[in-house]
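Take a look at the letters that make up each chain.
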Amino acid sequence: MAKSGYIVILILILVLCVCSSLMFVFFRDTFYDTNYEIASMCYSTKYYEISKYGESSTEVWRQGMVSGNGLQGVITASSPYEDTFIYQNIHFIMPNTNLRKNIDTYQELDTVRQAIVNKQDYQDNQEYLHEYCYHPGAQVRLSISRNILKDYIRYTNYETAEVVMKYKDYSGDWERKTFTSQTDGVTITKFVNTTSSNSINAEVSIDDISKLPNFGKNGDWEEGEKDIQYKKIVSSDGSYIAQVAHYPDYENSDLKNAGYATVTFVICEDGNKEVYLGRKTQEEQNVGYYANPSIKVSDCSALYLISISDRDLDMGSLEDFAGYKEYEIVNLLKEKLQNVVNKYSSNGKFNYDLALSNHSDVFTPMFNAVKFDLSSSSSDKYYSNEQLIAKQKRSKTINEVLAERAYYSGRYAMLCCSGTATSRLYGMWTGEWNGGWGAKYTMDANVNLQTSSLNSSNIEIAPIGYANFILRQVDDWEDNARATHNFNNCIQAPVNSDGDRALMIESCYPYPFRYWNAGASWLLEPLYETWQTYGNIKVPISEEFNLYDLKSVLSTQEEDLTDEYIESLINRGYLYLEEDILLPLLIKSASYWDQLCTPQYYTDALGQIHYDASKESLNDDETYCIIPSYSPENQPGNYNSPSAANSAIDIGAFNSNINMLCNIMLDLNEGADVSYWRQLQTKIPKYLYDETNALKEWASTSFTENNEHRHISHLYCAWPLDETQHNEKLRQGAIQAVKNRASENAASHALVHRSLICDRLKDKEGLELALRTLMSSKIYYTSLLTNHHMNARSAYCTDFAIGYTGIINESLMYSNTNELEVLPTKISYWKKGSIENLAARCRAYVSIKWDEDSVSVDITAIDDTNFELRCGEEYSSIEYANCTSLNLNLQKGDNVSVKFLLK
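Note that the coordinates shown come from a computational prediction; the quantities given were computed from them, not determined experimentally.

Notes on the overall build of the protein
Part 1: Assigned secondary structure in the protein consists of 19 helices and 39 strands.
Part 2: Scaling as 2.2 N^0.38, a compact globule of 903 residues should have a C-alpha radius of gyration of about 29 Å, and the protein matches this with 28 Å.
Part 3: For the protein, the C-alpha atoms occupy an extent of roughly 85 × 70 × 65 Å along the three principal directions.
Part 4: Counting the 903 residues in the protein, one finds 63% classified as buried.
Part 5: Taking the contacts inside the protein whose residues are at least 6 apart along the sequence as the reference set, 71% of them involve residues at least 24 apart.
Part 6: Carbon and sulfur atoms make up 46% of the accessible area of the protein, which totals about 33,000 Å².
Part 7: Seen as two clouds, the 79 positive and the 120 negative side-chain charges of the protein have centres 8 Å apart.

Let's talk about the packing of helix 8 (residues 400-416) against helix 19 (residues 799-812)
Part 1: Contact geometry of helix 8 with helix 19 gives a least axis separation of 7 Å together with a crossing angle of 115°. Of the two elements, helix 8 crosses helix 19, and the hand of that crossing is left-handed. Each of A403, A406, Y407, G410, R411, A413 and M414 in helix 8 lies in contact with helix 19, whose residues at this interface are A801, I802, Y804, T805, I808 and N809.
Part 2: Counted by class, the contact of helix 8 with helix 19 contains nine nonpolar, three polar and one charged residues.

Observations concerning the packing of aromatic side chains
Part 1: Under the defined criterion, the tally for this structure stands at 40 aromatic pairs.
Part 2: Seen in terms of ring centroids, W522 and W719 are 6.4 Å apart; in terms of plane orientation they differ by 75°. Their pairing is edge-to-face. One end of the pair, W522, is in helix 11 (residues 519-534); the other, W719, is in the loop between helix 15 (675-681) and helix 16 (728-740), with 197 residues separating them in the sequence.
Part 3: W522 gets classed as buried once you look at its relative accessible area, which sits at 3%.
Part 4: On the accessibility criterion, W719 (4% relative accessible area) is buried.
Part 5: One aromatic cluster is present, built from ring pairs that chain together Y158, F363, F367, F372, Y407, Y408, Y412 and W830.

Section: a nonpolar patch on the surface
Part 1: The grouping of L277, Y289 and Y290 at the surface amounts to a nonpolar patch, some 300 Å² of accessible area in total.
Part 2: Assignment of secondary structure puts Y289 in the loop between strand 16 (272-276) and strand 17 (294-300).
Part 3: Accessibility expressed as a relative area gives 53% for Y289, which makes it exposed.

Some details on the pairing of strand 36 (residues 865-871)
Across a regular strand the side chains alternate sides, sitting on one face of the sheet and then on the other.
Part 1: Burial of strand 36 is extensive: five of the seven residues sit out of reach of the surface.
Part 2: Both strand 32 (residues 819-822) and strand 36 contribute to a ladder of four bridges, which runs parallel. For E819, the partnering residue across the bridge sits in strand 36 and is E868.
Part 3: Bridge analysis of strand 36 against strand 38 (residues 885-890) gives six bridges, and the strand direction is antiparallel. Paired with N866 across the strands is N889, a residue of strand 38.

Observations regarding the sheet that holds strand 26 (residues 601-603)
Part 1: Read across the sheet, three strands follow the order 27-26-28 without closing on themselves; strand pairing throughout is antiparallel. Because the sheet does not close on itself, it has two edges, and the strands there are strand 27 (609-611) and strand 28 (623-624).
Part 2: Bridge count for strand 26 against strand 28 is two bridges, and the pairing is antiparallel. Looking across to strand 28, one finds that T603 is bridged to T623.

A word on helix 10 (residues 461-485)
Two residues of an α-helix separated by three or four positions point the same way, owing to the 3.6 residues in each turn.
Part 1: Taking 1.5 Å per residue as the helical rise, helix 10 with its 25 residues ought to reach 36 Å, and the 36 Å between its terminal C-alpha atoms agrees with that figure.
Part 2: In helix 10, a bend of some 45° at V474 exceeds every other bend along the element.
Part 3: The element helix 10 is extensively covered by neighbouring structure, given that 22 of its 25 residues are classed as buried.
Part 4: A positive backbone phi angle near 60° is found at N486, which sits one or two residues after helix 10.

Digging into a negative patch on the surface
Part 1: Together, D227, D249, E284, E319 and D320 line one region of the surface with negative charge.
Part 2: With respect to the element layout, D227 can be found in the loop between strand 12 (200-206) and strand 13 (229-234).

Looking at the side chain of D83
Part 1: Mapped onto the fold, D83 is located in strand 4 (residues 82-89).
Part 2: At a separation of 2.8 Å, a polar atom in the side chain of D83 contacts the main-chain amide nitrogen of S78.
Part 3: A polar atom in the side chain of D83 sits 2.9 Å from the side chain of R176.
Part 4: Not counting chain neighbours up to four residues away, the residues in contact with D83 comprise T76, A77, S78, V140, R141, L142, M165 and R176.

Scoring rules and cut-offs
Residues numbered from 1 in each chain as written. Predicted model: local features only at pLDDT ≥ 70, side-chain atom pairs only at ≥ 80, totals over all residues. Heavy atoms only, no water. Helix = DSSP H or I, 4+ residues; strand = E, 2+ residues; numbered from the N terminus. Rg over C-alpha atoms; globule rule 2.2 N^0.38 Å. Buried < 20%, exposed > 50% of the residue type's maximum accessible area, 1.4 Å probe, protein only. Contact = heavy atoms within 4.5 Å. Areas by Shrake-Rupley, 256 points an atom, 1.4 Å probe, with all protein chains shown as cover. Lys, Arg positive; Asp, Glu negative; His and termini not counted. Charge placed at Lys NZ, Arg CZ, Asp CG, Glu CD. Axes fitted to C-alpha atoms, helices over the stretch in contact; angles between N-to-C directions. Left-handed = near helix turned anticlockwise from the far one by under 90°. Nonpolar A, V, L, I, M, F, W, Y, C, P; charged D, E, K, R; others polar. Phe/Tyr/Trp six-rings, centres within 6.5 Å; stacked < 30°, edge-to-face > 60°. Patch = residues over 30% accessible without salt bridge, like charges linked within 9 Å, V, L, I, M, F, W, Y side chains within 5 Å. Salt bridge = Lys/Arg side-chain N within 4 Å of Asp/Glu carboxyl O. Pairing = 2+ DSSP bridges. Expected span 1.5 Å × (residues − 1). Bend = angle between axes of the 7 residues up to and from the residue. Polar contact = N/O pair within 3.5 Å; in protein donor to acceptor, adjacent residues only side chain to side chain.

Read these as spatial facts, not as claims about activity.
Written out as structure tokens, the structure is:
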């Protein structure tokens, strides 16, 4: 290359360095101008614009930043000149033609059991019927004239749930801010020019539903959004624009007379508004006369969009929808929005700051309840999300700044999804039709991973939302147990719920979830841990569940709760977690295990399974055979059927269910008779180990391991349970089982699950490898939310985004009723750091600060409590004491500080 060529390259490199330095200073100064900690924000210098022409890619909306209050939410692209706001409601689900009714398959139970005992294949012709699919509300578009853009930045302020965009052009300095309010239940956007008198000229419209990604591309069924009818509505004075839709009227649909709407108020201060009706629609689903009505604003000093979305379960028939002149759901939402406008308006001005302040008074303390700090002095803290992600891909360790920011991102997403229910596969955000796996609640790993920090994260509304989530569906669990096993007075959870129903219809031969026994026990575990952590909390009675539908399942007796008793609960206004929810549900779940076990199917002392039709009781050295027994979503290496016997997850869940039930019974009544349940527990099969001394996935000599699989359900004993904490043989067997398992695809939940298990196993090497692999992959979007796959070739999914908080919490604190261990699995090269106010299952708030010499622990009792305190293996002796652990007996509100020294 000629000398001049090298000079040109050097000059280009120099220019890039100067530009990078200038951008660094700009972003540093931008954040120093705020009152918020840099760690409590994430920012990007890139934006992805959703095209107004034709269908956009799923990749585009997924890069958007989000806000939410558990029920309402929004995704904003933060595109300067063609911005979009995709509004959300956690209950929006698109019906299909499936009959939402359990199919009775209990007649096949004995045939399946016999086939498994004899290792014969069997026929299972049950059709896999999908639950309903989560879908977005309206996609509202804000268009302004394009200009020459510079100094663009978008960021999420996690402390306030605001998504902020700032940029400059020849018209001045612009700022657009959006948040979903905890207090007012609406999403508010403010758009202003911050440095000049230049006014806003813009157009507000709603995109066609067929422009959203995956329209009509459902794959599994030929119906859904293509069969809806909808309209775009605009008021004559330009005060609001709305989208109202009616679901298809499929014969079997629960929602054949239902629909949904999004309404957006448009407030233009000091300016003018004009309504444009647009051309006649050509979109088949749009039964309004005009395809794209819009509101054009001009000479506006400030523009506000205030939006809300909801559904109407009694909208009338589909055939009448097009002829209606107005819609009750639209009128109701307009009334709610008007109340918000009246609340915050004075002298013709809308007070955004007051609305934000009222919301922040609720949201900010919950977000700030826990602080995570790795004491990094690196200038990486000023890096954009995409810069941090790129740097992590080249690193052999986990970048401390990314570690902190991802933690706050996950905590933020979890809080945004809390209160009404819990997070779906997609959290609570979608900008596409026919999301991956229906964007449902998948309950054999995904929901479970995302609730791994439900209690330790010290977010007060998270357990309430989770309780709502369970109560909203649990009456279906009773019918599941009847349909699949002909069991009475018990419950069986399915693999999926769409949020309305939780039936056992998503089951088939390759995925026989009708024989997944552990589901109810696993889903009740987080609520039991809530009780361990916070005690007998009150769960408000709300519209999220119907107590009259729960008369049977919430009864501890064979008889249903009476209407009079239900009315007394409603008048009281809340349910007690312990006696009103946990006790009846744990009884019902334990009853399922009890009815599943029969002496005719048993396991001998060597682990062989048998059937003896004449057998009436077990011998001393025999245990029950749990059969059929499905270990999601795997099958034995030497047997064609995924349904087998004595799966390790079932053994753990069975034991845990009995333990939870007995502990609750004894807490409510010290004299409670738990002998029946404890005797049943002695006959649960024992774990077995393979030739590598690894814990076997099926505790039977009949079945061999199949380690080429993403799921690691057999390690249930380690997480979410605690059985490996004081059982070294089981711990080593679990560690070996983790080493033996290799995922057959790039699904992130495999390594999220593995990370949580490694936390509990105190397997630092395994944790660091799994976590670094996840964080160095392509899993992150520029918002720091995540994909389902590490190669980013799958669905939007918050398994890792939210599950990461559980991984970090568990690595820094393990707790149970009578024990607390700090830094059990801390990342080895994080030499200095702190975490404040984690909530422990020994009913204490715990703050931990560590460096290379010592660990300081500050504990405040949530309630009267006693427990043993210890520290990870790197630290041993307690300062001023010749001991490695300490027994603490605290009263509510007591505070104690302890320092551990390095070995």
